[in-house]
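# Structural overview for review
Here are the chains, one letter per residue:
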Amino acid sequence: RSKTLMPVPTEDDIKALLAVVNTERRLGLRDRAMIETAYSTGARIEELSRLKVADVDMENGTVFLTGKGGKQRVVPLGGAALSWLKRYITEERCLLVRQTTEAAMWMGKDSRTLTKQGLSMICRRYFPKAKTSVRITPHSLRRACATHMLRHGANPVEIQMLLGHSCMRHLSNYLRLSITDIRNMHARSRLGQ
């Protein structure tokens, strides 16, 4: 059955998005860290909004995510995401919190925890400046994470675990997005060509 697939930002789109985030301006470190974390982990927006500082293991480069139905998983953070998170926590987040006991990772300029809507607004703020080929949202960063990993040879089962999908059926949308890559690989590897 034919199904319309959601567009996925290219790797160049992600680079363009990250390039327009001015980390010298107020909240720039937060925005860069959030985008890097979303892209690196493939986290759902709900998982990002629930993220606590204690959920990040800087030493091991991992993050503890709480997903749908309270399901929990530990996923690796890429080097760039880990580096930007460290900077955000030590240089900017400490200026945003009113109480040192505040556990939430993502803070607004009013010292309140950012909601899902607040995290979405961060992407909406930068995507027009980046002039990307598709609209970038936290969910499209999740799709980009999975699609780009598949294109670079990641195992679909491991991506399923990274994204927290209970079965491969949910991953099929990401697999179908890379059919062009599969066709190119097939053409290159056929005997007698």
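The present account deals with the structure reproduced in this document. Predicted, not measured: the structure shown is a model, and the values here were computed from it.

Cut-off values and rules
Residues numbered from 1 in each chain as written. Predicted model: local features only at pLDDT ≥ 70, side-chain atom pairs only at ≥ 80, totals over all residues. Heavy atoms only, no water. Helix = DSSP H or I, 4+ residues; strand = E, 2+ residues; numbered from the N terminus. Buried < 20%, exposed > 50% of the residue type's maximum accessible area, 1.4 Å probe, protein only. Contact = heavy atoms within 4.5 Å. Phe/Tyr/Trp six-rings, centres within 6.5 Å; stacked < 30°, edge-to-face > 60°. Pairing = 2+ DSSP bridges. Arc of directions from axis to C-beta.

### What to know about the environment of Gly-164
Along the chain, the position of Gly-164 falls in the loop between helix H7 (156–163) and helix H8 (168–177). Exposure remark for Gly-164: the relative accessible area of 26% places this residue in the partly exposed category. Through-space distance from the C-alpha of Gly-164 to that of Gly-67 is 7.4 Å; in sequence the pair is 97 residues apart. For Gly-164, the residues in contact, after removing those within four places along its chain, are Arg-44 and Arg-73.

### Focus on the packing of aromatic side chains
Tallied over the entire structure, the rule returns one aromatic pair. With a centroid separation of 5.5 Å and an interplanar angle of 25°, the aromatic rings of Tyr-88 and Trp-106 are classed as stacked. Of this pair, Tyr-88 sits in helix H4 (residues 79–96) while Trp-106 sits in the loop between H4 and helix H5 (116–130), and the two are 18 residues apart along the sequence. Exposure remark for Trp-106: the relative accessible area of 1% places this residue in the buried category.

### Structural notes on the sheet that holds strand S3 (residues 72–76)
Strands sit in the order S1-S2-S3 across an open sheet of three strands; the sheet is antiparallel. Two strands close off the open sheet at either side, each with one partner strand: strand S1 (56–57) and S3. Pairing geometry for S1 and strand S2 (residues 62–66), over two bridges, is antiparallel. Looking at S2, one finds that Val-56 is bridged to Val-63.

### Here's the deal with helix H1 (residues 11–19)
Considered for burial, the residues of H1 that qualify are Asp-13, Ile-14, Leu-17 and Leu-18. Taken end-on, H1 shows its buried residues confined to a sector of 130°, consistent with a single buried face. Facing away from the buried side of H1 by more than 90 degrees, the exposed set consists of Asp-12, Lys-15 and Ala-19. Summarising the contacts, the buried residues of H1 are in contact with helix H2 (28–41), H5 and helix H6 (138–151).

### Observations regarding the environment of Phe-64
Considering the arrangement of structural elements, one finds Phe-64 in strand S2. C-alpha separation for the pair Phe-64 and Lys-52, spaced 12 residues apart in sequence, amounts to 8.8 Å. Those residues in contact with Phe-64, other than ones at most four positions away along the chain, are Leu-51, Asp-55, Gln-72, Arg-73 and Val-74.

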